[in-house]
Amino acid sequence: MAVQEVALFLSFKQDESYSPSEIVIRSGTTFHDLIEVKSLTLNKPEGWITIPLTNDSPDTEDELLLTNFIQIMILANHLGGRDTHVRQAKVFGPRNSVTSVLKIPPFESVDFTMYNTLR
């Protein structure tokens, strides 16, 4: 499965010491072969925190993460908290345009562009 980014909803104002301050994302095919993909330090997070999982090297194009297993590890919390609150987590894959999925020609006129997105 191709994964582009992970988004976490955190609220320091409501959770204080339960808010994560250090996060590590690991990926692999099973629990036994996980490797660290991304690590980040947060300072009083509020709202959606988006973590891109693509290769951001300037030499290569953005490569998607191909994985079967994702682990989100909370290493530390603010104010030395022991438990953590993550209000919501979302995993996003790459977006495919409607025209490529349905195999129809691209919408070019203004009238057709209004109906370009399915809800």
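The structure displayed is predicted, hence computed values, not measured ones. (Residues numbered from 1 in each chain as written. Predicted model: local features only at pLDDT ≥ 70, side-chain atom pairs only at ≥ 80, totals over all residues. Heavy atoms only, no water.)

### Some details on the overall build of the chain
- Of the regular secondary structure elements, the chain holds three helices and eight strands.
- Sequence-ordered secondary structure for the chain, helices as α and strands as β, is β-β-α-β-β-β-β-β-β-α-α.
- Residues classed as buried in the chain amount to 26% of the 119 residues present.
- Long-range pairs, those at least 24 residues apart, make up 71% of the contacts in the chain between residues at least 6 apart in sequence.
- Of the roughly 8800 Å² of accessible surface on the chain, a fraction of 52% belongs to carbon and sulfur atoms. (Helix = DSSP H or I, 4+ residues; strand = E, 2+ residues; numbered from the N terminus. Buried < 20%, exposed > 50% of the residue type's maximum accessible area, 1.4 Å probe, protein only. Contact = heavy atoms within 4.5 Å. Areas by Shrake-Rupley, 256 points an atom, 1.4 Å probe, with all protein chains shown as cover.)

### Section: unusual backbone geometry
- The phi angle at E16 is positive, at roughly 45 degrees, despite the residue not being glycine.
- With respect to the helices and strands, E16 occurs in the loop between α1 (12–15) and β3 (20–28).
- For E16, a relative accessible area of 46% puts it in the partly exposed group.
- Phi is positive for L79, which is not a glycine, with a value near 55 degrees.
- Tracing the backbone shows L79 in the loop between β7 (69–77) and β8 (88–92).

### Details of the packing of aromatic side chains
- Tallying each qualifying case throughout the model produces two aromatic pairs.
- Aromatic side chains F31 and F69 sit 6.3 Å apart centroid to centroid with 75 degrees between the ring planes, which places their arrangement in the edge-to-face category. Pair noted here: F31 is in the loop between β3 and β4 (35–41) and F69 is in strand β7, with a separation of 38 residues, a long-range link. (Phe/Tyr/Trp six-rings, centres within 6.5 Å; stacked < 30°, edge-to-face > 60°.)

### Let's talk about the pattern of salt bridges
- As enumerated under the stated definition, the model contains one salt bridge in all.
- A salt bridge links D15 to R87; the shortest N-O distance between them is 2.7 Å. Linking D15 in helix α1 with R87 in the loop between β7 and β8, this pair joins segments that are 72 residues apart in sequence.
- Taking the relative accessible area as the measure of exposure, D15 reaches 5% and is therefore buried.
- For R87, a relative accessible area of 42% translates into the label partly exposed. (Salt bridge = Lys/Arg side-chain N within 4 Å of Asp/Glu carboxyl O.)

### Section: the nonpolar core
- V3, V6, L8, L10, I23, I25, L42, I49, I51, L53 and L65 together form the largest nonpolar core, which totals eleven residues.
- If you list the elements that add at least two residues to this core, you get β2 (5–11), β3 and β5 (46–52).
- The element that contributes the greatest number of residues to this core is β2, accounting for three residues. (Core = buried A, V, L, I, M, F, W, Y, C linked by side-chain atoms within 4.5 Å.)

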